[in-house]
Amino acid sequence: MPSLSLSSHVSYYPDELYHEHLPNICGAVREKSKTCCSINTVKRKLPILTWLPEYTLKTLIVDFVAGMTVGLTAVTQAIAYGAVAGLPPVYGLYSSFMGCFLYIIFGSCKDVTVGPTAIISMMVYPHVAGNPDYAVLICFLTGCIVLVLGFLNLGVLVRFISAPVIAGFTLAAALTVGSGQINNLFGIQSKSNEFLKSWINFFGHIQETRLNDALLGCCTLILLLFMRKLKDLKSCGCQSVLKYLSLCRNVLAVIIGILICYLMSREREEMPFRISEQITPGLPPFRAPPFETVDEEGQTVGFSEMISNLGSAVGTIPLLCILEVVSIAKAFSKGKIVDASQEMIALGFCNLFSSFFSSIPITGSFARSAINNASGVKTPLGGAFTGILILLSLAFLTQVFAYLPKATLAAIIISAMLFMVEYDTIAEIWRAKKRDMVPFVFTVLCCLFWSLEYGMLVGVLINALFILSKSMTPQFQLESQKHNGLELCVAELKGNVDYTAAESLNIKTVAFVTEQKTMMEKTVSLVIIKGSNIGSIDSTVALNLVSLRDDLKQLQCELICWNWNMAAAGVVCRLQRKARNMFRFTKNFSELLEMVANGNSKSESDNKNYSNSNGNHSHTGSSPVDQIS
């Protein structure tokens, strides 16, 4: 067997092996400052400047029809979602108008409608305990957090929430919100809207079902489901009529419920149905968000204690608001690139200013945005007519809403939840990769039986564990070869190798060499690791490579890192200059083997020529294993 003499090798190494290239922060700041006040940047931050100069009367008429159509739905849903949040229904209306006006200025998607949603209302419910001050404070904090994240271009945070986690959270939220209304649907009193407690209360008090409420609720639910399908009916000459009837189904359900309740109550002293709380007439007062409140015992609760009581909701609610509005904007973008950071800025301003009008946290509503899109809206100005209609309802229609049965609201909410679940997405995840059902199932179970925010965090954590477990196993293939009587272990390392994979790299290599010696009776004298396809390594991996070289020496085996990516090789060389002897750069594998067999290195000038002609040191020929063979 030829002897190895690698210690005498002295190679040419470019300066980049010893000098790390750091980003030019000052240059980047200068370039950013030059563009921050340009006309294009101003138009990007204020999208209204793009479409308003070209606005026409024809566009105004279309936006008016779309805005009023959305407004009719927004009024009914606002009342319902105020109740879902565990607050008087009027807070749903307070939350519905300011976002409509501000999104016109800062919003980039014409279809998005901002206001209270079922999921966010359900997220607020456990933290308010009937005290609106907590809900308004969450709205203010949500606006501040989302606004800061938007200005810092941190919209990428939502990428940490995978499709299975989103689908699981949506399913659990729909089940929770729908289950919370099952008691109201049958006229049964309940103190909780949580999933398990709602069903326990329902079956424990089913004998208290009120016939009038149950009939009205079930019939309204059936009517809503039927009217939803009207737009799909193929009818000559009536397609547009059926479409708008379908879009306005919630409004019709509310009108029918109020009429039945009013007519039946005229001849009775008590209401025939359980009705919503009295809605305070008039517009909400303009005042700063509450930074202190009073608890049930009359004790003053300071700002820090309020934050402590809100707990994880301070972080999870802003994240979900971002996720909803960005997802909706992408769904209706029609191939256009969505500026997630600009949507976050718009949403941040909407929440921030809404909090001065006693609003709960708001975000994009998929149902109302879908109605907006189906109504043919042309610009975000349609939101102005939606906001005006809500203000008119607050000013003049609050007495009418006093006759709105809870069973009607429950039917509206349950029908919305039935179609909020992403059934197709769940089926696609099952078909595509069944392992992804693990975070989905854990998210659903934790959301249902623990809490919505912690359930989502559990799903994200499980996904993170999958990513970590994958990063612990590097793309590293080992194979034993023989060349001119010399036993070699040839390996190729690919991708980005992080500290989690460092120990695995050492263990696999040492175990392979030891196994060849003990089991196969082969004495491996040289380990060659090809690294042209390595993306990057960190200092932990570099330390382990140096340690691997020392471990292999104990087994009478040398280590060569062949044609490594310069960035990766530089980490090792900067860590320990003596480690430069591990690296070889040749034009082909045969040349490397010849160098090893002769016990001599290529001349410094040859290595320099190679470096100049192959700047990235990538090997485009056949693999090392093929070349040896």
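Located above this text is the structure these notes cover.
All of the points below concern the structure found in this document. Quick caveat: nothing in here was measured; it's all calculated off a predicted structure.

## A closer look at the pattern of salt bridges
Two side chains bearing opposite charge may form a pair once their charged atoms approach each other closely.
Right, on to step 1. For the coordinates displayed, the defined rule picks out four salt bridges.
Right, on to step 2. In this structure, Lys-110 engages Asp-111 in a salt bridge whose closest nitrogen and oxygen atoms are separated by 3.1 Å.
Right, on to step 3. Judged by its relative accessible area of 0%, Asp-111 falls in the buried class.

## Quick word on the pairing of strand β6 (residues 486–497)
Right, on to step 1. For β6, the tally of buried residues reaches nine of twelve residues, placing the bulk of the element in the interior.
Right, on to step 2. Sheet analysis places strand β5 (residues 475–483) next to β6, joined by nine bridges and oriented antiparallel. When the sheet's bridge partners are listed, Glu-479 is paired in β6 with Val-490.
Right, on to step 3. With antiparallel pairing between neighbouring strands as the criterion, β5 and β6 make up a hairpin whose turn holds two residues, including Asn-484 at a positive phi of roughly 55°.
Right, on to step 4. Judged from the five bridges that link them, β6 and strand β7 (residues 526–530) form a sheet pairing that is parallel. For Cys-489, the partnering residue across the bridge sits in β7 and is Val-527.
Right, on to step 5. Bridge analysis of β6 against strand β8 (residues 534–537) gives three bridges, and the strand direction is parallel. Each residue of the ladder has a partner; that of Val-497, found in β8, is Ile-537.

## Some thoughts on the environment of Ile-322
Right, on to step 1. Mapped onto the fold, Ile-322 is located in helix α16 (residues 313–331).
Right, on to step 2. Distance in space between the C-alpha atoms of Ile-322 and Val-158 is 7.4 Å, their sequence separation being 164 residues.
Right, on to step 3. Filtering out sequence-adjacent residues up to four positions away, Ile-322 remains in contact with Val-146, Leu-149, Val-158, Met-344 and Leu-347.

## Some thoughts on the packing of helix α4 (residues 57–84) against helix α14 (residues 249–265)
Right, on to step 1. Two elements in contact, α4 and α14, have axes whose closest approach is 8 Å; the angle formed by their N-to-C orientations is 55°. Classified by the interaxial angle, the pair formed by α4 and α14 is oblique. The way α4 lies across α14 gives a crossing that is left-handed. Mapping the contact onto sequence places Leu-72, Thr-73, Thr-76 and Gln-77 in α4 and Asn-250, Val-251 and Val-254 in α14.

## Observations concerning the nonpolar core
Right, on to step 1. The biggest cluster of nonpolar side chains holds 105 residues, and the ones touching the most others in it are Ile-79, Leu-93, Val-112, Phe-169 and Ile-317.
Right, on to step 2. The element best represented in this core is α16, accounting for ten residues.
Right, on to step 3. If sequence neighbours within four positions are ignored, Ile-79 has contacts with Pro-89, Leu-93, Ile-279, Phe-401, Leu-404 and Leu-409.

## Section: empty space enclosed by the protein
Right, on to step 1. All told, the structure shown has two cavities of 30 Å³ or more when counted by the stated rule.
Right, on to step 2. In this structure, the largest cavity occupies an estimated 70 Å³ of space.
Right, on to step 3. Put simply, the parts of the chain that give the lining of the largest cavity at least two residues each are α6 (98–106) and α19 (382–396).
Right, on to step 4. Of the residues in the lining of the largest cavity, the class split is five nonpolar, four polar and one charged.
Right, on to step 5. Here the second largest cavity is characterised by a volume of approximately 40 Å³.
Right, on to step 6. What lines the second largest cavity is simply Val-513, Lys-517, Lys-522, Thr-523, Val-524 and Leu-555.
Right, on to step 7. Here the lining of the second largest cavity is built from residues that sort into three nonpolar, one polar and two charged.

Parameters at a glance
Residues numbered from 1 in each chain as written. Predicted model: local features only at pLDDT ≥ 70, side-chain atom pairs only at ≥ 80, totals over all residues. Heavy atoms only, no water. Salt bridge = Lys/Arg side-chain N within 4 Å of Asp/Glu carboxyl O. Buried < 20%, exposed > 50% of the residue type's maximum accessible area, 1.4 Å probe, protein only. Helix = DSSP H or I, 4+ residues; strand = E, 2+ residues; numbered from the N terminus. Pairing = 2+ DSSP bridges. Contact = heavy atoms within 4.5 Å. Axes fitted to C-alpha atoms, helices over the stretch in contact; angles between N-to-C directions. Parallel < 35°, antiparallel > 145°, perpendicular 65-115°, else oblique. Left-handed = near helix turned anticlockwise from the far one by under 90°. Core = buried A, V, L, I, M, F, W, Y, C linked by side-chain atoms within 4.5 Å. 1 Å grid on protein atoms, 1.4 Å probe; cavity = no way out; pocket = protein on both sides within 12 Å on 5 of 7 lines; lining within 4 Å. Points joined across faces, edges and corners; volume = space filled by probe spheres on them. Nonpolar A, V, L, I, M, F, W, Y, C, P; charged D, E, K, R; others polar.

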